[in-house]
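Spelled out from the first residue to the last, the chains are:
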Amino acid sequence: MSDLKRVQVWADALIALHLDGTWTFGFDNAKRRAGLCDYGRKRISVSRYLTARYDDDTNHQTLLHEVAHAIAGPSAGHGAAWKRVARDLGYVGGTTHRGETATELAPWVGVCPNGHTAYRHRRPTRPTSCVQCSKRYDERYRFRWAKREITAAVRRAALLPR
Ligand SMILES: [Zn+2]
Ligand SMILES: [Zn+2]
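Because the structure is a prediction, the values reported are computed rather than measured. (Residues numbered from 1 in each chain as written. Chains lettered and ligands numbered in written order. Predicted model: local features only at pLDDT ≥ 70, side-chain atom pairs only at ≥ 80, totals over all residues. Heavy atoms only, no water.)

A. Fine view of the nonpolar core. By size, the foremost hydrophobic cluster in this structure holds 22 residues, and its most contacted members are Leu-19, Trp-23, Phe-25, Ile-44 and Leu-63. Contributions of two or more residues to this core are made by helix H1 (4-18), strand E1 (24-28), strand E3 (43-47), helix H3 (56-72) and helix H4 (80-89). Examining the composition of this core, we find that five residues originate from one element, H3, more than from any other. In this view, Trp-23 contacts Ile-15, Cys-37, Asp-38, Tyr-39, Lys-42, Arg-43, Ile-44 and Ala-70; residues no more than four positions away in its chain are not counted. (Core = buried A, V, L, I, M, F, W, Y, C linked by side-chain atoms within 4.5 Å. Buried < 20%, exposed > 50% of the residue type's maximum accessible area, 1.4 Å probe, protein only. Helix = DSSP H or I, 4+ residues; strand = E, 2+ residues; numbered from the N terminus. Contact = heavy atoms within 4.5 Å.)

Structure representation (structure tokens):
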């Protein structure tokens with residue numbers, strides 16, 4: 001439930017403190033990952049959709065995760081060098097970029113025979129079954145997919161903090 005302006009202020013401060021003037025910060029439209037460190041463009045960005053629904057702590061952590069990538073460099077990956085930098089910055093999270101995704105923005109909705117739902121941002125290309133019903137693929141719990149329209153109103157609502 002962060003105000004995007006506040007996140008921008010933190011990002012600018014972190015870049016000024018740990019990086020240099022060649023790095024910039026911005027918001028992107030990603031729906032499945034919170035943050036990104038683009039070494040080529042020297043740009044750190046975070047998802048405007050996910051930032052709008054995460055709390056301040058989570059958003060601050062995402063920024064630290066990405067700033068650590070910028071400091072450690074692309075070859076460090078999520079290895080020891082990156083971890084050391086990230087810990088020094090105060091990052092306490094894991095090595096993934098994934099988090100809660102903006103499911104209301106996923107056009108593909110799957111329903112299993114027991115009524116569990118799954119969401120995809122792209123058309124599922126292979127049969128998938130419900131993990132809540134069976135850990136392995138099981139024909140009996142196969143999802144039936146349907147496409148729904150994501151309206152401009154839904155898109156706008158997803159930007160609002162809740
Ligand atoms: Zn990372
Ligand atoms: Zn199920």
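B. Geometry of the coordination of the zinc ion (ligand 2). Surrounding the zinc ion (ligand 2) are the protein donor atoms Cys-112 (SG), His-116 (ND1), Cys-130 (SG) and Cys-133 (SG), at 2.0 to 2.3 Å. The coordination sphere of the zinc ion (ligand 2) comprises four donor atoms, whose angles at the metal cover 102 to 114°; the geometry is tetrahedral. Taken in chain order, the donor set of the zinc ion (ligand 2) reads C-x3-H-x13-C-x2-C. On the criterion of sequence distance, the pair formed by His-116 in the loop between strand E4 (108-111) and strand E5 (117-120) and Cys-133 in the loop between E5 and strand E6 (144-147) is long-range, its members being 17 residues apart. Exposure remark for Cys-133: the relative accessible area of 22% places this residue in the partly exposed category. (Donors = N, O, S within 2.8 Å, 3.2 Å for Na, K, Ca; no water. Tetrahedral: all angles 85-135°; square planar, octahedral: opposite > 155°, others 65-115°.)

C. A look at the confidence of the model for the protein chain. For the protein chain, mean pLDDT is 88; residues scoring 70 or higher make up 93% of the total. The spread of mean pLDDT over the elements of the protein chain runs between helix H5 (residues 152-158), the lowest at 76, and E1, the highest at 97. (pLDDT = per-residue confidence, 0-100.)

D. Spotlight on the environment of Phe-143. Residue placement: Phe-143 occurs in the loop between E5 and E6. Among the residues examined, Phe-143 registers a relative accessible area of 9% and is labelled buried. As for Phe-143 and Gly-110, which are separated by 33 residues in sequence, their C-alpha atoms are 5.1 Å apart. Residues in contact with Phe-143, not counting those within four places in the same chain, are Gly-110, Val-111, Cys-112, His-116, Thr-117, Ala-118, Thr-128, Ser-129 and Cys-130.

E. The sheet that holds E4, seen in detail. Read from one edge to the other, the open sheet built from three strands follows the order E5-E4-E6, with strand pairing classed as antiparallel. Whereas interior strands pair on both sides, the edge strands pair on one side only; in this sheet they are E5 and E6. Within this sheet the neighbouring strands show an average axis-to-axis angle of 25°, counted without direction. (Pairing = 2+ DSSP bridges. Axes fitted to C-alpha atoms, helices over the stretch in contact; angles between N-to-C directions.)

F. Representation of the pattern of salt bridges. Per the stated rule, a full pass over the model turns up four salt bridges. One salt bridge in this structure joins Arg-33 and Asp-28, with 3.1 Å as the shortest N-O distance. A salt bridge links Arg-142 to Glu-139; the shortest N-O distance between them is 3.5 Å. Look at Arg-142 and you get partly exposed, because its relative accessible area is 37%. (Salt bridge = Lys/Arg side-chain N within 4 Å of Asp/Glu carboxyl O.)

G. Up close: the packing of H1 against H3. Interaxial distance between H1 and H3 falls to 10 Å at its minimum, and their mutual angle equals 30°. Viewed along their axes, H1 and H3 adopt a mutual orientation that is roughly parallel. Handedness of the H1/H3 crossing: right-handed. Here Arg-6, Val-7, Trp-10, Ala-11, Leu-14 and His-18 of H1 lie close against H3, whose contacting residues are Asp-56, Asn-59, His-60, Leu-63, Leu-64, Val-67 and Ile-71. Tallied by class, residues from the contact of H1 with H3 come to eight nonpolar, three polar and two charged. (Parallel < 35°, antiparallel > 145°, perpendicular 65-115°, else oblique. Left-handed = near helix turned anticlockwise from the far one by under 90°. Nonpolar A, V, L, I, M, F, W, Y, C, P; charged D, E, K, R; others polar.)

H. Geometry of the packing of aromatic side chains. Per the stated rule, a full pass over the model turns up three aromatic pairs. Judged by centre distance (5.8 Å) and plane angle (65°), the ring pair of Trp-82 and Tyr-91 falls under edge-to-face. By the burial criterion, Trp-82 is buried, and Tyr-91 matches it. Ring centres of Phe-143 and Trp-145 lie 5.5 Å apart, and the angle between their planes is 55°; on these two criteria the pair is classed as tilted. In this structure Trp-145 comes out as partly exposed when scored by relative accessible area, which is 22%. (Phe/Tyr/Trp six-rings, centres within 6.5 Å; stacked < 30°, edge-to-face > 60°.)

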